[in-house]
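# Per-entry structural report
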Amino acid sequence: MTRHFDYLAIGAGSGGIASANRAAIRGAKAAVIEAKAVGGTCVNVGCVPKKVMWYGAHIAEALKYAEAYGFHLTQDGFDWATLVKHREAYIERIHGGYQRGFSSNGVDYIEGFARFVDANTVEVNGEHITADHITIATGGRPLIPDVPGADFGIDSDGFFALQEQPKKAVVVGAGYIAVEIAGVLHALGTDTHLLVRHDRPLRQFDNDITDALLQRMDQDGHQLHTHCDVEKVEKNSAGLLTITCKDGQQFTDVDCLIWAIGRVPATDKINLEAAGVEVGENGLIPVDEYQNTNVKGIYAVGDITGAAQLTPVAIKAGRLLAERLFNKDMADAKMDFSLIPTIVFSHPPIGTIGMTEDQARACHDDQEIKVYRSQFAAMYNAITPHRALSTFKLICCGPDERVIGLHGIGEGMDEILQGFAVAMKMGATKADFDATIALHPTSAEEFVTLR
Ligand SMILES: Cc1cc2nc3c(=O)[nH]c(=O)nc-3n(C[C@H](O)[C@H](O)[C@H](O)COP(=O)(O)OP(=O)(O)OC[C@H]3O[C@@H](n4cnc5c(N)ncnc54)[C@H](O)[C@@H]3O)c2cc1C
Ligand SMILES: NC(=O)c1ccc[n+]([C@@H]2O[C@H](COP(=O)([O-])OP(=O)(O)OC[C@H]3O[C@@H](n4cnc5c(N)ncnc54)[C@H](O)[C@@H]3O)[C@@H](O)[C@H]2O)c1
């Protein structure tokens with residue numbers, strides 16, 4: 001028996017779910033196929049469990065400040081397992097929400113691993129399923145390096161599977177995931193070492209912001225090791241690891257090694273050749289501005305296209321694709337990939353949108369660029385012995401000083417950015433920022449009072 005759908009998404013992650021739901025809302029007979037857990041990376045081993053852990057770390061930090069606020073607390077330990085239990089229960093509730101959404105929208109949820117049979121057919125659990133439109137939204141998986149002993153380490157998926165708190169952890173990598181996981185472990189009390197190959201993590205971010213992050217990490221006792229390229233990993237009879245870097249630096253008695261060195265797209269096992277879908281050398285699927293692959297009727301959205309690998313990007317691209325296919329009023333709908341805001345959940349968080357100062361100076365004449373920055377002690381910890389600086393920065397361009405980059409690191413930056421992203425999307429200039437009445441006392445007001 002063959003089931004047939006108007007629209008089929010492979011992968012029930014951010015992109016697949018959003019597109020299948022929207023297709024069904026627009027009247028299509030839609031289905032989504034998932035090999036693991038509904039919600040994909042973001043819900044199960046990404047944004048959601050990460051943010052819960054970040055909140056845990058945030059509470060640990062607040063406890064540090066409590067004394068100065070007059071609370072005499074006796075801390076009776078921290079129980080990793082309790083945090084994990086509540087986190088996973090929360091994720092279970094999210095799964096339930098997705099299933100209710102599928103039922104009410106009329107989306108068929110199919111469990112199993114999908115492989116292409118031809119351009120209109122996939123095989124799942126031995127069943128052939130056909131569809132007029134198929135979207136590949138299979139996301140990616142963490143990369144493990146090719147060094148001896150690498151398998152003694154875990155990846156971000158393994159981090160979320162930990163039932164006990166590591167005593168001594170080494171986190172390798174310099175991107176979002178490395179910075180976020182190392183930050184959480186450190187704040188929760190694990191002896192944490194972050195190993196980066198170059199001089200700093202987050203090198204693609206604005207330099208003033210990463211400088212400020214390094215300053216905060218130093219102040220908070222983070223152990224950052226630069227110019228560390230791991231050569232080998234060994235395990236002793238007690239099960240503890242020794243990690244040796246090419247320059248001879250060694251980390252011994254490590255009970256948890258976490259690789260956070262990037263992700264590989266999940267395109268290698270789905271028999272794309274049978275459908276004739278082209279894959280780039282990096283495993284990513286090239287798409288045009290409408291998410292079309294080279295094969296008519298087959299599309300790709302989300303991480304596997306290589307475009308900004310963020311949940312809201314996958315969701316929006318998926319929804320707009322479904323609108324284009326099934327809503328005649330939006331037959332030309334397509335994603336606008338400009339000015340995508342993003343947060344790194346470091347401690348404190350980093351928020352960024354638009355060009356860094358270096359990018360702006362590389363794209364425009366130097367005299368066209370005007371930079372405004374402010375470093376200030378946020379009130380929250382300024383009254384404690386842990387006074388620390390926040391850094392906010394605007395990059396403006398041209399005679400009207402259009403704001404083309406906005407960057408910040410500081411308490412609350414994760415919640416501050418969204419509204420400013422709206423302003424920038426609308427083309428706000430420095431004068432528009434200046435004309436806006438500040439909210440006092442907040443950190444956000446710095447952005448509208450920069451001189
Ligand atoms: C640790 C971590 C933290 C993150 N934090 C954030 C954050 O704070 N904010 C943010 O915006 N983004 C964050 N991201 C990125 C975000 O999770 C991804 O950008 C997003 O999940 C991409 O969605 P997607 O639909 O492309 O793929 P995914 O969410 O990865 O979904 C793909 C799904 O397809 C399934 N699948 C794969 N192959 C098949 C097959 N053949 N058959 C059936 N099913 C298949 C997979 O099991 C998976 O469930 C984080 C990522 C990680 C790893
Ligand atoms: N807060 C968020 O929105 C958030 C959080 C986590 C992940 N994400 C998304 O997930 C994507 C993947 O995150 P990521 O941190 O895995 O990847 P990434 O591409 O951001 O960073 C990988 C880092 O690892 C380094 N690296 C590569 N090979 C290495 C090696 N052999 N040894 C040491 N370091 C090595 C790279 O130089 C790079 O800095 C991100 O690009 C981001 O889009 C977003």
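Residues numbered from 1 in each chain as written. Chains lettered and ligands numbered in written order. Predicted model: local features only at pLDDT ≥ 70, side-chain atom pairs only at ≥ 80, totals over all residues.

## What about the overall build of the protein?
Along the protein, the regular secondary structure elements total 13 helices and 21 strands. What you see for the protein is a C-alpha radius of gyration of 24 Å, in line with the 22 Å of a compact globule of 451 residues. Taking the principal axes of its C-alpha atoms as reference, the protein extends roughly 70 × 65 × 45 Å. Here the protein, with 451 residues, has 41% of them falling under the buried criterion. (Helix = DSSP H or I, 4+ residues; strand = E, 2+ residues; numbered from the N terminus. Rg over C-alpha atoms; globule rule 2.2 N^0.38 Å. Buried ≥ 20, exposed ≤ 12 C-beta atoms within 10 Å, placed from the backbone.)

## Notes on the UniProt feature "domain: FAD/NAD(P)-binding" (unreviewed entry) in the protein
As recorded in UniProt, the feature "domain: FAD/NAD(P)-binding" (unreviewed entry) lies at residues 6–318. In residues 6–318, the share of helix is 34% and the share of strand is 24%. The end C-alpha atoms are 15 Å apart. (UniProt positions renumbered as here; feature names shortened; annotations may be inferred.)

## Here we look at the pairing of strand β13 (residues 250–254)
Here strand β12 (residues 241–245) runs beside β13; their pairing, made up of three bridges, is antiparallel. By the bridge assignment, L241 is partnered in β13 with V254. Between β12 and β13, which pair antiparallel in sequence order, lie four residues; one of them, G248, sits at a positive phi of approximately 95 degrees. (Pairing = 2+ DSSP bridges.)

## Points about the sheet that holds strand β17 (residues 342–344)
Strand order across the open sheet formed by five strands is β17-β18-β21-β20-β19, with antiparallel pairing between neighbours. Each of the sheet's edge strands pairs with one partner strand only, and the pair in question is β17 and β19 (369–377). Taking each pair of neighbouring strands and ignoring which way they run, the sheet shows an average axis angle of 15 degrees. As paired elements, β17 and strand β18 (residues 350–354) share three bridges and run antiparallel to each other. Within β18, the position partnered with T342 by the bridge is T352. Helix α12 (residues 413–425) contacts β17, β18 and β21 (402–409) of the sheet and is inclined by roughly 10 degrees relative to β18. (Axes fitted to C-alpha atoms, helices over the stretch in contact; angles between N-to-C directions. Contact = placed C-beta atoms within 7 Å.)

## Some details on the site of ligand 1
Every one of the 34 residues lining ligand 1 counts as a neighbour, but G11, G13, G40, G139 and G302 are closest to it. Elements with a minimum of two residues in the shell around ligand 1: α1 (14–25), β2 (30–34), α2 (40–45), α3 (47–66) and α9 (311–326). Along the lines of polarity and charge, the residues of the shell around ligand 1 split into 16 nonpolar, 14 polar and four charged. (Near = placed C-beta within 6 Å. Nonpolar A, V, L, I, M, F, W, Y, C, P; charged D, E, K, R; others polar.)

## So, the UniProt feature "binding site: FAD" (unreviewed entry) in the protein
Per the UniProt record, "binding site: FAD" (unreviewed entry) is found at K51 and D303. Following the sequence through the fold, K51 ends up in helix α3. Residue K51 is classed as partly exposed on the basis of its C-beta count, with 17 C-beta atoms lying within 10 Å. Mapped onto the elements of the fold, D303 is located in the loop between β16 (298–300) and α9.

## What about the sheet that holds strand β11 (residues 230–235)?
The strand order across the open sheet formed by three strands is β11-β12-β13, and the pairing between neighbours is antiparallel. Here the strands that pair on one side only, and so sit at the sheet edges, are β11 and β13. Across this sheet, the average inter-strand angle for adjacent strands is 15 degrees, counted without regard to direction.

## What about the site of ligand 2?
Around ligand 2, the structure places 20 residues, and the nearest of them are A174, G175, I177, I261 and Q309. Of all elements in the fold, only α6 (176–187) and β17 reach the threshold of two or more residues within the shell around ligand 2. Top element by residues in the shell around ligand 2 is α6. It accounts for four residues.

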